[in-house]
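Breakdown of the fold
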Amino acid sequence: MNPLPIILSRPHGGLSIPVEIQDRLAIDETALYNDCDLWIDKLFDFDNPDLEPYVPKPFTKGVLATVSMPIARALIDANRPLSMLGKPDGPVKTQTSYGEPIYSQPLAEDLQEKLIDGYWKIYHQQLEDALEAHHGNVELVIDCHNMAQHGPSAYKDPGSPRPLICIGTLADKDGNPRPDRGWSFCSREAAFETVALAEKLFGDMDLLEPNPSGPTPVAALNQPYAGSYVIMQHLDPDKQKRNYVDRGVKPPATIMVEVNRGLFVGDQDAHTVIANPNEECISAIRQRLYQWAIGLLDIFNADKDL
């Protein structure tokens, strides 16, 4: 076996409920469904037989490792820092993306800590273990997400239409590092190459329910999302130097991607009815994501700034 030298992080695709809080919820399965990165396991199933025509020599299907969170993101969010514990959109949330209270009564601090220890920390340890297990072989880490067609009501962009694909490099919309952070996942040139490749691959796709306001951009850089706490936590410059450069190994490239759920679910809101996955649409997206990931390996291997 010779899978692609990629590790996939999927922190938001679960729908399970921790046993510790099953009897404390004020929301139902529909709310969890509409807050989830739906079918992320299918979109980024890079071992699927339908990818066979796209597998480049000398590789086989699949990737080095995939780390997935089984718990619903409305309940445990591995893509939020512990410094946000107690905040509405923190690692243990108090409200959904649409502003609905999640719990009938506030969770005690010791219960929140139990959830962090039992789920949040496990996800991060699994990703750390995967990075170490494939040290020296992994060339790219992709943080895999999808997003609602329009900004949810409790977000910073309520009602705003989103592009088909959002690519996050932790920089600004022009690909430049933000002054308050000073670094990004890749160079400006490489970032725009990833956008151009996404535009080429996804340019023939349409939303299931087109936006009445007009055409939707195919791909956007750092809009509406610029990056991933998961990647910042494990592959910031200090950790890259300590874990890779100082050990004589080139650090893996990193990137975040968001796929518009309007391509395979529809234009969701808080009350969208639970439905089975649209396998035809998901397959079409998966094939394009796989080709995009292969292209990223070439882009980042040529990027002099990595």
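Below you will find a few notes about this structure. (Residues numbered from 1 in each chain as written. Predicted model: local features only at pLDDT ≥ 70, side-chain atom pairs only at ≥ 80, totals over all residues. Heavy atoms only, no water.)

To continue, consider the sheet that holds strand S1 (residues 4–10). Working definition: the strands of a sheet are paired by backbone hydrogen bonds and lie parallel or antiparallel to each other. Across the sheet, six strands lie side by side as S2-S1-S3-S6-S4-S5; this open sheet has mixed pairing. Because the sheet does not close on itself, it has two edges, and the strands there are strand S2 (63–68) and strand S5 (219–221). Between one strand and the next, the sheet's axes are offset by a mean angle of 20 degrees, whatever the strand orientation. Contacting S1, strand S3 (140–147), strand S4 (165–168) and strand S6 (253–260), helix H7 (residues 279–301) runs over the sheet at an angle of about 155 degrees to S6. (Pairing = 2+ DSSP bridges. Helix = DSSP H or I, 4+ residues; strand = E, 2+ residues; numbered from the N terminus. Axes fitted to C-alpha atoms, helices over the stretch in contact; angles between N-to-C directions. Contact = heavy atoms within 4.5 Å.)

Our next topic: the packing of aromatic side chains. A full pass over the atoms with the stated rule returns four aromatic pairs. Ring centres of phenylalanine 44 and phenylalanine 46 lie 5.8 Å apart, and the angle between their planes is 45 degrees; this geometry places the pair in the tilted category. Here tryptophan 183 and phenylalanine 185 contribute two aromatic rings whose centre-to-centre distance is 6.0 Å and whose plane-to-plane angle is 55 degrees, an arrangement assigned as tilted. When sorted by exposure, tryptophan 183 lands in the same class as phenylalanine 185, which is buried. (Phe/Tyr/Trp six-rings, centres within 6.5 Å; stacked < 30°, edge-to-face > 60°. Buried < 20%, exposed > 50% of the residue type's maximum accessible area, 1.4 Å probe, protein only.)

Moving on to H7. The terminal C-alpha atoms of H7, which comprises 23 residues, lie 33 Å apart, in line with the 33 Å expected from a rise of 1.5 Å per residue. Within H7, 17 of the 23 residues are buried, which leaves the element mostly enclosed by the surrounding structure. (Expected span 1.5 Å × (residues − 1).)

The next point concerns the side chain of serine 228. You can see serine 228 is positioned in the loop between S5 and helix H5 (229–235). Side-chain polar atoms of serine 228 contact the backbone nitrogen of valine 230, separated by 3.2 Å. Beyond its immediate stretch of four places on either side in the chain, serine 228 contacts Asn79, Asp143, Leu170, Phe185 and Met256. (Polar contact = N/O pair within 3.5 Å; in protein donor to acceptor, adjacent residues only side chain to side chain.)

Right, let's talk about the pattern of salt bridges for a bit. Within this structure, the stated rule accounts for 17 salt bridges. Residues lysine 93 and aspartate 77 are paired through a salt bridge, measuring 2.8 Å at the closest nitrogen-oxygen approach. Of this pair, lysine 93 sits in the loop between S2 and helix H3 (109–133) while aspartate 77 sits in the loop between S2 and H3, and the two are 16 residues apart along the sequence. The same class applies to lysine 93 and to aspartate 77, which are both buried. Shared partners join several salt bridges into a network, and the residues in it are Asp35, Arg73, Asp77, Arg80, Asp89 and Lys93. (Salt bridge = Lys/Arg side-chain N within 4 Å of Asp/Glu carboxyl O.)

With that out of the way, let us pick up the environment of proline 277. Counting through the fold element by element, proline 277 comes out in the loop between S6 and H7. Sequence separation between proline 277 and phenylalanine 44 is 233 residues, and the spatial gap between their C-alpha atoms is 14 Å. Once residues within four sequence positions are removed from consideration, proline 277 is found in contact with Trp39, Lys42 and Ile282.

Here the focus is the pairing of S4. Here S4 shows no split at all, with Ile165 and Ile167 on one side and Cys166 and Gly168 on the other all buried. Direction of pairing for S4 relative to S5: parallel, over a ladder of three bridges. Residue pairing across strands places cysteine 166 opposite alanine 220, the latter belonging to S5. Looking at chain direction, S4 and S6 are connected through four bridges and run antiparallel. The partner of isoleucine 167 across the bridge, within S6, is valine 257.

The next point concerns the environment of threonine 272. Inspection of the secondary structure puts threonine 272 in the loop between S6 and H7. As a C-alpha pair, threonine 272 and isoleucine 71 span 201 residues in sequence and 20 Å in three-dimensional space. Other than its neighbours up to four places away in sequence, threonine 272 contacts Thr30, Tyr33, Asn34 and Asp267. A polar contact of 2.9 Å, which involves the side chain of threonine 272, links it to the backbone nitrogen of aspartate 269.

It is worth spelling out the environment of tyrosine 225 at this point. Position of tyrosine 225 among the secondary structure elements: in the loop between S5 and H5. For the pair tyrosine 225 and alanine 130, spaced 95 residues apart in sequence, the C-alpha to C-alpha distance is 25 Å. Polar side-chain contacts of tyrosine 225 include one of 2.9 Å to the side chain of arginine 162.

With that settled, the discussion passes to the state of the cysteines. What the rule picks out here adds up to zero disulfides. This cysteine, cysteine 144, is not joined by any disulfide, and cysteine 166 carries the nearest cysteine sulfur, 13 Å off. Summary of cysteine pairing: cysteine 186 is not part of a disulfide, and the nearest cysteine sulfur, belonging to cysteine 166, is at 13 Å. Classification of cysteine 186 as buried rests on a relative accessible area of 6%. (Disulfide = S-S within 2.5 Å.)

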